[in-house]
Amino acid sequence: MASTLTPVVFIHGLWLHSSSWDPWVKLFRRLGYEPIAPGWPYEPDDIHEARLQMEAVASVGLDDVTEHYGRIIRQLDSMPILIGHSTGGLVAQKLLGNDLGRAAVAIDSAQFKGVWTLPPNQIRAAWPALKNPVKINRAVPLTADEFRYGFGNALSLEESTELFTQYSIPSPARPVFAISFANFNTHSTAAVNIGNNERGPLLLIAGGRDNTVPASVVRAQHKLYEKSSAVTDIQEFPDRGHSITIDSGWREVADATLDWIKRVSARRRK
């Protein structure tokens, strides 16, 4: 028998394991949703195995990730709500633009083709992958210091180190190159169908202290949606960094996400 609960698909970004969504999954399940948080293609379910088998994901690109989640979505009983963080936020936008979600929340979303904003701190955060183009088809781990700059800069050193130990895994370099050079590639895998006026509602969430995806990048994404008649909202958390979904303040962001989902759901029922 098909489930009557609303499915929610959580999509993680680079350098985090799918288990980073565990608190969100538990919250959404308790509130009556049917959440899942699948890993990227070839990503081991066990985080320790993901660290040991880092080359398993080495050649995974944005198109592979998008197609992977698309296949998962097509197997569900009904169209899900998509919630993505960082590169996962970009994938969520790609899926929503292709009508594979009833709504989407993109948190600290990596930019898509057409966004030219590229602040220096974002380049520095991506440098562990970008610094060696020869390794474009390799997996790249972060050091604790690199994680602190890219994710935990708005946290205490102790909390940043704890999150690094708990959730960080090596990730493929290919998506970083695809995102960084999207505007110079005619057939970029980082393209999003922003002109789809029939897509579901979208919420973009930004962290004001985010180095990996600065708030200016998220605002630039929002601006490109202005010509679309589909709902596109934006919300900024001024004092939050890229760890916004996993740090001690995650519940504030989750509650804002749930409130928005309830509002757009009620709006669509009218």
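These lines cover the structure that appears in this document, whether it is placed above or below.

Section: the sheet that holds strand 2 (residues 34-36)
Strand order in this open sheet of six strands is 2-1-3-4-7-8, and the pairing throughout is parallel. Each edge of the open sheet is held by one strand with a lone partner, namely strand 2 and strand 8 (232-237). In this sheet, adjacent strand axes meet at a mean angle of 15 degrees when their direction is disregarded. Relative to strand 2, strand 1 (residues 7-11) is paired through three bridges, and the arrangement is parallel. Each bridged residue has a counterpart across the sheet, and for P7 the counterpart in strand 2 is E34. Sheet strands touched by helix 1 (residues 22-30): strand 1, strand 2, strand 3 (81-85) and strand 4 (103-107). Its angle to strand 1, the strand with the most contacts, is close to 170 degrees. Along the sheet, helix 3 (residues 62-74) makes contact with strand 1, strand 2 and strand 3, crossing strand 1 at roughly 165 degrees.

Focus on the environment of I205
Tracing the sequence through the fold places I205 in strand 7 (residues 202-207). Judged by relative accessible area, I205 falls into the buried class, the value being 0%. Sequence-wise, I205 and I244 are 39 residues apart; in three dimensions their C-alpha atoms are separated by 9.7 Å.

Section: the nonpolar core
In this structure, W15, Y69, L82, L90 and L95 are the most contacted members of the largest nonpolar core, which totals 55 residues. If we ignore the near neighbours within four places in the chain, the residues touching L90 are L62, S109, A110, Q111, F112, I179, A190 and V192. Residues V25, I81, I244 and V253 belong to the second largest nonpolar core, which totals 25 residues.

Quick word on the environment of G241
Mapped onto the elements, G241 comes out in the loop between strand 8 and helix 10 (250-269). On the basis of relative accessibility, which here comes to 1%, the residue G241 falls in the buried class. G241 sits 88 residues away from N153 along the chain, and the two C-alpha atoms are 6.5 Å apart. What G241 contacts, discounting residues up to four positions off in sequence, is D108, F151, N153, A154, R209 and D210.

Considerations on the side chain of S171
Mapped onto the fold, S171 is located in strand 6 (residues 171-172). By relative accessible area, which is 4% here, S171 ends up buried. Among the polar contacts made by the side chain of S171, one reaches the main-chain amide nitrogen of W15 at a distance of 2.6 Å. What S171 contacts, discounting residues up to four positions off in sequence, is L14, W15, L16, R138, A139 and V140.

The rules behind these values
- Residues numbered from 1 in each chain as written.
- Predicted model: local features only at pLDDT ≥ 70, side-chain atom pairs only at ≥ 80, totals over all residues.
- Heavy atoms only, no water.
- Pairing = 2+ DSSP bridges.
- Helix = DSSP H or I, 4+ residues; strand = E, 2+ residues; numbered from the N terminus.
- Axes fitted to C-alpha atoms, helices over the stretch in contact; angles between N-to-C directions.
- Contact = heavy atoms within 4.5 Å.
- Buried < 20%, exposed > 50% of the residue type's maximum accessible area, 1.4 Å probe, protein only.
- Core = buried A, V, L, I, M, F, W, Y, C linked by side-chain atoms within 4.5 Å.
- Polar contact = N/O pair within 3.5 Å; in protein donor to acceptor, adjacent residues only side chain to side chain.

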